[in-house]
Structures are given as structure tokens and as C-alpha cells.
Amino acid sequence: ESSIKVLGVNGGTGQGAVSITSVVNGTSSGCSISGGTLSARTSGTCLLVVTKAGNDLYAPVSKRVPFTFTKAQQTISISSLGESSESQSLTQVLSAVIAGAKGKGEVKFEVKDGSATGCKLSDTTAKAELTADSPGTCLISAKISSDENYEAALASPIPFTFLELVAPSPTPTP
């Protein structure tokens, strides 16, 4: 929900008082005014019905005045991808965690080759299976889609390292 304090309204010819008599939804939903604070549940436009009182010379007049609540920015980052396991050299299940997301948009993960080649994700979820054709790093990034209140955001890529397995040295037999 977004809100702003309305300090006052003025204008027009004559001595009549100017006031906000009501608020209606434009492209926003949940538009309301209470105690001089204009609020909306979602970004978009609220229409303030502003009325100038009449007097002996002028008739009262009302006009709809738009006020737009814009979507807020958000910044996301990947705080964790999980750990590489020596038992699964070039296949790992991610355990990704996103930090900073404020909106309710869908989060999707993407991968590209770093020093490893053939990096692939089985799907775009935080628990996707990551595979590579060679040891090294795959670069994982994430994006969150926009929702009714927040813009989309993209996380900077972070590396996931596939360890190169070293075969154990044979143990000499006596």
C-alpha cells in the first residue's frame, strides 16, 4: 500500500472553499483518503474529486484530479546457492536464497558459462538441478518480475563452483 499526505488544495475564482470531497479508483485499486492522507493498495492513478464551493457570484464546481502512485524500485541479490558436493561432481541441486525482494513477483534463475562449460539448469526455480560439462564455475543470476507495487529487478550473477574430483591414491597392500 502507498500513501501520501495531502497538504491542501486551492484554485479557482471567488471566495469559495476548495476541498477534496471524495476519491475514486482510476487505474489503481483501494484509493481512499482519511485524515488528509491519500492511500492506494496498488500503483496507478487515483482520482480526487475536488470541489470549489459556490457563493453569490459563482456556482459550485467539481473536478476529478488524477494523482499517480508509481511502482517502487526493488533490489535483489542472491545470498546463497548452496554448496558443491564432492560426491556429485558435475551435477548439483541448488539451494538458492534471494535477499532484498520486496514485491510478490515470480523469481526465476538463469545460468551461463563461467570457467565451466555447458552450464545448464533443469528449470528456473531455487531448487533446480545445475549441471556442467566440465569443472569450474557457472554464473547464476536471478530476476524477479514486477507486481502491482514493485518494478522488476535483476540480481548480479554469482559463481557456483564445480570441484574437480581427484581420484584417491591407491593404498598399497602389504
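In this convention, every chain numbers its residues from 1, walking through the sequence in written order. Reporting of local features is limited, given that this is a predicted model, to residues whose pLDDT is at least 70; pairs of side-chain atoms are given and counted only at 80 or more, and all residues count toward the totals for whole chains, interfaces and linings. Heavy atoms from the whole structure form the basis of all side-chain values; hydrogens and water molecules are not counted.

A. Quick peek at the state of the cysteines. For the purposes of this analysis, a disulfide is any pair of cysteine sulfur atoms at a distance within 2.5 Å. In total, this model carries two disulfides according to the counting rule given. Shown here is the disulfide that connects Cys-31 with Cys-46, its sulfur atoms set 2.1 Å apart. Between Cys-31 and Cys-46 the disulfide shows an S-S torsion of about -85 degrees. By sign, it is left-handed. Here Cys-46 lies in strand β5 (residues 44–52) and Cys-31 lies in the loop between β2 (18–25) and β3 (32–34), a separation of 15 residues in the sequence. Burial status follows relative accessibility: with a 1.4 Å probe on protein chains alone, a residue under 20% of its type maximum counts as buried, one over 50% as exposed, and anything between as partly exposed. Exposure remark for Cys-31: the relative accessible area of 12% places this residue in the buried category. Owing to a relative accessible area of 0%, Cys-46 belongs among the buried residues under this scheme. A sulfur-sulfur distance of 2.0 Å marks the disulfide that ties Cys-119 to Cys-138. Note on the Cys-119 and Cys-138 pair: the S-S dihedral is about -80 degrees, so by sign convention the disulfide is left-handed. Helical segments are the DSSP runs of H or I of at least four residues, strand segments are the runs of E of at least two, and each set is numbered from the N terminus.

B. View of the sheet that holds β3. A strand pair is defined by DSSP finding two or more bridges across the two strands. One open sheet accounts for three strands, arranged β1-β4-β3; its pairing is antiparallel. Lying at the two open borders of the sheet, with one neighbouring strand each, are β1 (2–5) and β3. Neighbour-to-neighbour, the strand axes of this sheet turn through a mean angle of 20 degrees, independent of strand direction. Strand direction decides the pairing type here: β3 and strand β4 (residues 37–40), joined by three bridges, are antiparallel. What sits directly across from Ile-33, in β4, is Leu-38. Every axis corresponds to a line fitted to the C-alpha atoms, with the helix fit spanning only the stretch in contact, and the corresponding angles, defined between N-to-C directions, vary from 0 to 180 degrees.

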